[in-house]
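# Remarks on the overall topology
Now for the letters of each chain:
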Amino acid sequence: MSDTAPQYTTVFASLENFEKGGVDVINDDPKNYVFSNVFEVASHAKPYEKIAVAKNMQYVLEAIRAEGTSEWRATPHDEFALVLDGEVTIELFDPDETLVDPEASGSVAVDGDPAGKPMGQVVAGQGHMTMLPAGRCYRFTSDRPSVILLQTIDGPDTQHRWADICLS
Amino acid sequence: MTDTATLTSVSEPNEHGYRSFQLGGFTFDRDEHFVHIEWPTGRHVTPVEDFLKALMRDIAWNFFYGTVNFDSVIGTVNHYGNVDLFAGRFNDAYRKAELDHMENFDHDVIMGAFKDMLSDWTNDGFDPFAAPQETGSPYGVKHGDNEAAITRTRVTAQRMVGLPGDEKIRTDETHPINRMFADVDQSEPTIEVEPGYENDVASFNLFAYLSRSDVTWNPSIVSVCKESLYCPTTEEFILPIIHGNDRVEWFLQLSDEITWRVEDRETGAPRATVVMKAGDVAAMPADIRHQGYSSKRSMLLVWENGSAELPDLIATGQAPTVPVTW
Ligand SMILES: [Fe+2]
């Protein structure tokens, strides 16, 4: 018997290295589980496409492949960006004008650079969660392909590709 | 049954040192090994360890969403303000034999009785929130208590963990890193804030936060987008309850692996086994119940829609039991 404590390895997946589980059906339809893998979705995505991987009524979680610099977006409500792989710089900006209807759902693209004041920035690595505050603008930059999971509401640019991404 | 029964009572300690509890027509007794539950049409016996772990979750989650099955017979249904306590209600054989029984209680009445039961029946050294290798035994005659362990509840951030005035991030002083997450990177994001925006520029290391969780199977809110709630949790061994949600619930496996046993919500008939590895996303439909198994302690993002209207919409067929179709 060894008296040293066991060493555990925590498995976080990445674009380079993910393994998918699945649904073993006993009496069911696998489509009921809307089963996908965020890294698989992001590995087939274009930079900054907003692809829904989960939806509950109007709310969605989007998988976003961060690569290069995104457009500026304005969000009417708080969103939360969780980096699941890589490193992403998130710039936050306070626009002089209201760029999105505060009652709307989901973020909208801003034409060019917004006028206003920089609020600051976050350099977020794997596991880091950043608030994208309501009424403000943000943009992402990543030197290498990275993955963001975005907690938001189904919006004008949310992509629904369930047939392509889910087990059936 | 929709009557609000308010009759509760507590006995003097029995020969094992434990009090007995009455809730309407239900009685709960414990001895050194088991909990014995009786109701007008039947009786049930269950190991005290399983029962206390389930009771702990039901209390800490404030009866959670929908049905919390302690096992295949006993459990609660949350109606948000009042709560059903049932025996055999979601068990096909009990239903067919008409031996199932259900009574409705005001939230505070059943919560009070459950808290008293958990407090009296939890011995010194046993933590019902902990993984098996991290706690002592619940068995034997009454010896001491563990109030500090059983009064922990779910964390509920108002906007996001780490914001000024909101839930704090975890540190070594209060939350040492769990032994199974010793390798999780603890570095925090680099944040630059312009003056005046201190409340709006915020980020924290969620994985480090979860690596320091001192409880298992306890979904806690870390971020809020209107009714969209991130409820991540750390899981090791078996989910002590079988959750039958009253709405669709989503899982995103953040680390390691969990196997979900999925059954029909009403009858308990097996439907599927869902294996989730890091990065996998899956919905749990609103007509199933599920129980998770995690060999290594893992990080699971449970995602809920907290809308108060959903249970009715789904129960009346106005909203589907699956989140999307294609
Ligand atoms: Fe659940």
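The rules behind these values
- The numbers attached to residues start from 1 for each chain and follow its sequence in the written order.
- The lettering of chains begins at A and the numbering of ligands begins at 1, in the order of writing.
- Where local features are concerned, this predicted model is filtered to residues with pLDDT of at least 70; where side-chain atom pairs are given and counted, the filter is 80 or more; whole-chain, interface and lining totals use all residues.
- For the side-chain quantities, the full set of heavy atoms in the structure was used; hydrogens and water were omitted.
- Because no water is among the atoms considered, metal sites can look incomplete, with donors defined as N, O and S atoms within 2.8 Å of the metal, or 3.2 Å for Na, K and Ca.
- Segments assigned H or I by DSSP are reported as helices when at least four residues long, segments assigned E as strands when at least two residues long, and all are numbered from the N terminus.
- Residue exposure (1.4 Å probe, protein chains only): buried if accessible area is under 20% of the type maximum, exposed if over 50%, otherwise partly exposed.
- Residues belong to one nonpolar core when they are buried, are Ala, Val, Leu, Ile, Met, Phe, Trp, Tyr or Cys, and are joined through side-chain atoms within 4.5 Å.
- Domain delimitation in this document rests on an assignment produced automatically or drawn from a domain database.
- Any pair of residues with heavy atoms lying within 4.5 Å of one another is described as a contacting pair.
- Once two parts are joined, some of their accessible surface, as seen by a 1.4 Å probe, is lost; buried area is that loss totalled over both.
- The rule for a salt bridge is simple: a side-chain nitrogen of Lys or Arg has to be within 4 Å of a carboxyl oxygen of Asp or Glu.
- Here a polar contact is recorded for every N or O atom pair within 3.5 Å, except that within protein the pair must consist of a potential hydrogen donor and a potential acceptor, and residues adjacent in sequence are included only if both atoms are side-chain atoms.
- pLDDT runs from 0 to 100 and stands for how confident the predictor is about each residue.
- By definition, two strands form a pair when at least two bridges between them are found by DSSP.
- Criterion for a disulfide: a pair of cysteine sulfur atoms at a distance within 2.5 Å.

Let us now look at the coordination of the iron ion. Residue and element names in this part refer to chain B. Taken together, H243 (ND1), E249 (OE) and H290 (NE2) make up the full set of protein donors to the iron ion, lying 2.0 to 2.2 Å away. Within one chain, the residues serving as donors to the iron ion are arranged as H-x5-E-x40-H. In this pair, E249 sits in strand β15 (residues 249-253) while H290 sits in strand β19 (residues 288-305), placing the two residues 41 residues apart along the sequence. Using a relative accessible area of 2% as the deciding quantity, one classes E249 as buried. Taking the relative accessible area as the measure of exposure, H290 reaches 2% and is therefore buried.

Our next topic: unusual backbone geometry. Residue and element names in this part refer to chain B. One non-glycine residue, K226, lies in the positive phi region at around 55 degrees. One non-glycine residue, D256, lies in the positive phi region at around 60 degrees. Assignment of secondary structure puts D256 in the loop between β15 and β16 (257-264). For D256, a relative accessible area of 8% gives the class buried.

The next thing to look at is the nonpolar core. In terms of nonpolar packing, the biggest core is built from 61 residues, with F28, F51, L55, F114, W121, W260 and V274 of chain B touching the most fellow members. When residues of this core are assigned to domains, at least three fall in each of domain 1 (8-149) and domain 2 (155-214 + 216-315) of chain B. Excluding residues within four positions of it along the chain, F114 of chain B makes contact with L23, L55, D58, I59, F63, F70, T76 and L85 of chain B. In this structure, V53, M129 and C166 of chain A together with V155 of chain B belong to the second largest nonpolar core, which totals 57 residues.

Residues and elements named next belong to chain B. Taken as a whole, chain B is organised into domain 1 (8-149) and domain 2 (155-214 + 216-315). Summarising the inter-unit geometry, the C-alpha centres of domain 1 and domain 2 are found 25 Å apart. Counting residues at the interface gives 26 residues for domain 1, matched by 28 residues for domain 2. Both faces considered, domain 1 and domain 2 share a buried interface measuring about 2,200 Å² in area, 51% of it formed by carbon and sulfur atoms. Together, W61, Y65 and F90 form the three largest contributors to the area buried by domain 1 at its contact with domain 2, with a combined 28%. Linking domain 1 with domain 2 are three salt bridges. On the surface where domain 1 and domain 2 come into contact, there are 17 residue pairs in polar contact (both at pLDDT 80 or more).

Mean pLDDT for chain B: 96, with 98% of residues reaching 70 or above. Overall fold confidence (pTM) sits at 0.96, and the ipTM for the predicted complex is 0.97.

Residue and element names in this part refer to chain A. Counting buried positions over the seven residues of strand β3 (residues 50-56) gives seven, a clear majority of the element. Alignment of β3 against strand β12 (residues 158-159), held across two bridges, turns out to be parallel. Bridge assignment links I51 to a residue of β12, and that residue is Q159. Pairing of β3 with strand β4 (residues 59-69) involves five bridges; the strand directions are antiparallel. By the bridge assignment for β4, K55 is matched with V60. Linking β3 to β4, which pair antiparallel, is a turn of two residues; within it M57 sits at a positive phi near 55 degrees.

Turning to the state of the cysteines, a few remarks are in order. One way to say it: the disulfide is the covalent bond shared by the sulfur atoms of two cysteines. Residue and element names in this part refer to chain B. Taken as a whole, this structure holds zero disulfides over all chains when the rule is applied. C231 forms no disulfide, and the closest cysteine sulfur to it belongs to C225, at a distance of 13 Å. Under the relative-accessibility criterion, C231 is labelled buried at 0%.

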